[in-house]
Amino acid sequence: MIFLAPFWLFSAAALLVPIAIHLWNKRQGTTVKMGSLRWLEASASRRWSRVKLNEVWLLLLRCFVLLLLAAALAQPVLVRPPQKPDAQKAVYIGQELLYTSTARQQIQPTIAALLQRGYRLYSYAPGFAAIPQEQWQQISSSTQDSVIYSPANYWGLLPALAEKHKQPQDSIWLFTSDQQRYFAGARPVAVPANIRWLPVASGAAALWLQAAVQTAPDSLLLLIGEGSREGITYSRQFIGTATKEITLHGQTLELQWLRDTLQATFPGNSSSNVRVQTEPLYIALLADEAQQPELRYLQAALSAISRYTRFPIQITTEQDTAADWVFWLKDGEVPPQLQQQVAQNGLNLWVQPTAKPTAINTYMATAGEDVPVHQLRGAAGNEDQHILWATRNGGALLTVQPSGSGHIYRFRSGFSPALSGLGQSAQLPELLLPLLFPQPEAGGQDVRALDEQQLKPALQPVTATAEAPEARRISLVPWLVSAAFILFLTERILARRRATI
């Protein structure tokens, strides 16, 4: 208990007033009619000349009334300490693991043990929906796989998860796939240490039709994409326009024409639709004199793609409104008319920031040879930008952002040896090919894995806890005033009775 105005306790000195009154107040004697007073005068003088304490109970009541009023003026408050929040124990699991039996079986014993220890199961998706025990039993007993492609950005969900579990005593287990398609934007700098993140490796493989090029009136060139944990490779298949099926790696692919689109159906009933390329691809390379080395590396890579696909790619160094692609390598800002073409005409615009580069010692996250990255420019991007190329530490290297009917690609490094080793790498044509011949459905087939060091942020001790509830304060003033009032009434009743006796 504490007093908000303790200086009012000095008012308890008023207790001296009723005590003094009781000590000095001589009680009136009872009148007794006598024939003569000469025998009483001497004894009466000796009796009433002494100070006596009379009516003790009334004195105590009056003192208690004053004492309670003094305590009420001091505003006493009863403080109850807040209850500490209980530790939360939760398991979060990505949807792609829930409905894939091979991946789920790797973590199912661990999750079952955690649930027996009082953990609760949640879906690692926006909203973090709870998974009831009955639903988990149905999922864990199922042997059929469902094709689940979650658009959630697992890096983007981490801040919300950390905000939900601020207490250091919380115990959180997080299971997600390590596939690159579930991660976009910039990797968080750190994750709270009370979140134990376990990426689950998957041996999934994927096959899709990346592009179809009509090399002759009766001939087609198919670019087949093959995805694995290690990376993506492309193979060529030359077929006739009347071909209905082909065999690739022992798997039969069924082909069907849908007007100007070719549909390829793969084992497992997955399919890819691509528009057959019949017109040349127009690319404008716009650069100043200082960017001529960059230009030469790009021209060499584009020429290699044209030879590999046997598809004509026409390159110009002048601005052309008919261009399908514009590589803006100049130091100045992108002209507004180019940005307007992106939104209205579906232009694909490649931009390399002109900000002062920052030295960095890392490598590009590729499955092939090591590609060093020496310098980066500009910011790492935001949630609207999807990372296409990344460094091994998870930093954004190339991002894409939709803009109207077109796209804007931002490359934070360069092709010259001073910026990176990409211009001299044999992987550059292979990296540019899916950009020039995009396959919207290929994103769901991308099963490339991120290394655990690239995927997981550093651990950060949980120092910031959730706001603790304030201690509960109960004012005792109303109770003291009520008690003083009751004692006062009691004192008045007793005093009146004494006066009538």
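These remarks concern the structure in this document.

Rules used in this analysis
- Residues numbered from 1 in each chain as written.
- Predicted model: local features only at pLDDT ≥ 70, side-chain atom pairs only at ≥ 80, totals over all residues.
- Heavy atoms only, no water.
- Pairing = 2+ DSSP bridges.
- Helix = DSSP H or I, 4+ residues; strand = E, 2+ residues; numbered from the N terminus.
- Axes fitted to C-alpha atoms, helices over the stretch in contact; angles between N-to-C directions.
- Contact = heavy atoms within 4.5 Å.
- Patch = residues over 30% accessible without salt bridge, like charges linked within 9 Å, V, L, I, M, F, W, Y side chains within 5 Å.
- Areas by Shrake-Rupley, 256 points an atom, 1.4 Å probe, with all protein chains shown as cover.
- Salt bridge = Lys/Arg side-chain N within 4 Å of Asp/Glu carboxyl O.
- Phe/Tyr/Trp six-rings, centres within 6.5 Å; stacked < 30°, edge-to-face > 60°.
- Buried < 20%, exposed > 50% of the residue type's maximum accessible area, 1.4 Å probe, protein only.
- Lys NZ or Arg CZ within 6 Å of the ring centre and 35° of its normal.
- Parallel < 35°, antiparallel > 145°, perpendicular 65-115°, else oblique.
- Left-handed = near helix turned anticlockwise from the far one by under 90°.

1. Points about the sheet that holds strand β8 (residues 206-216)
Ordered in space as β10-β9-β8-β14-β13-β12-β11, the seven strands form an open sheet in which the pairing is mixed. Of all the strands in the sheet, the pair left with one neighbour each is β10 (232-240) and β11 (245-248). Going from strand to strand, the sheet's axes swing by 25° on average, the running direction of each strand aside. Docked against the sheet, helix α10 (residues 428-436) engages β8, β9 (219-227) and β10, running at close to 65° with respect to β10.

2. Observations regarding a nonpolar patch on the surface
A cluster of nonpolar side chains, contributed by V56, W57, L60, F64 and L67, occupies part of the molecular surface with about 520 Å² of accessible area. Inspection of the secondary structure assignment puts F64 in helix α3 (residues 56-73).

3. Points about the packing of aromatic side chains
In the structure shown here, the tally under the stated rule is 18 aromatic pairs. With centroids separated by 5.1 Å and ring planes inclined at 50°, the aromatic side chains of Y124 and Y154 adopt a geometry described as tilted. Placement of the pair is Y124 in the loop between β4 (120-123) and α6 (133-141) and Y154 in helix α7 (residues 154-164), with a sequence separation of 30 residues. When sorted by exposure, Y124 lands in the same class as Y154, which is buried. Three or more aromatic residues joined by ring pairs make a cluster, and in this case those are Y92, Y122, Y124, F128, Y154, W155, Y182, F183 and W197. The ring of Y122 carries K164 above its face, with NZ or CZ at 4.8 Å from the centroid. Taking NZ or CZ as reference, R236 lies 4.5 Å from the ring centre of Y308, over its face.

4. Points about the environment of Y234
Positionally, Y234 belongs in strand β10. Ignoring sequence-local partners within four residues, the contact set of Y234 consists of Q210, I224, G225, Y308, E430, L433 and P434.

5. Section: the pattern of salt bridges
Within the structure shown, the criterion is met by four salt bridges. Notably, a salt bridge pairs D260 with R275, separated by 3.6 Å at the nearest N-O pair. Residue D260 is found in the loop between β12 (251-258) and β13 (261-265), and its partner R275 is found in strand β14 (residues 271-277); the two are separated by 15 residues along the sequence.

6. Considerations on the side chain of N348
Assignment of secondary structure puts N348 in strand β18 (residues 348-351). By relative accessible area, which is 15% here, N348 ends up buried. If near-sequence neighbours (up to four positions away) are discounted, N348 is found in contact with D324, W325, V326, H407 and Y409.

7. Remarks on the packing of helix α5 (residues 101-116) against α6
The description of two helices packed together rests on the angle between their axes and the distance between the axes. As a packed pair, α5 and α6 sit with axes 12 Å apart at the nearest point and diverge in direction by 150°. Relative to α6, the element α5 lies roughly antiparallel. As α5 packs across α6, the resulting crossing turns out to be left-handed. Residue-level contacts link R104, Q108, I111 and L115 of α5 to Q133, W136, I139 and S140 of α6.

8. Some words on the sheet that holds strand β2 (residues 76-80)
The strand order β1-β2-β25 describes an open sheet built from three strands, whose pairing is antiparallel. Each edge of the sheet is formed by a strand with only one pairing partner; in this case those strands are β1 (2-3) and β25 (472-475). Pairing analysis gives four bridges linking β2 to β25, with the strands arranged antiparallel. Residue pairing in the sheet places V79 in a bridge with R473 of β25.

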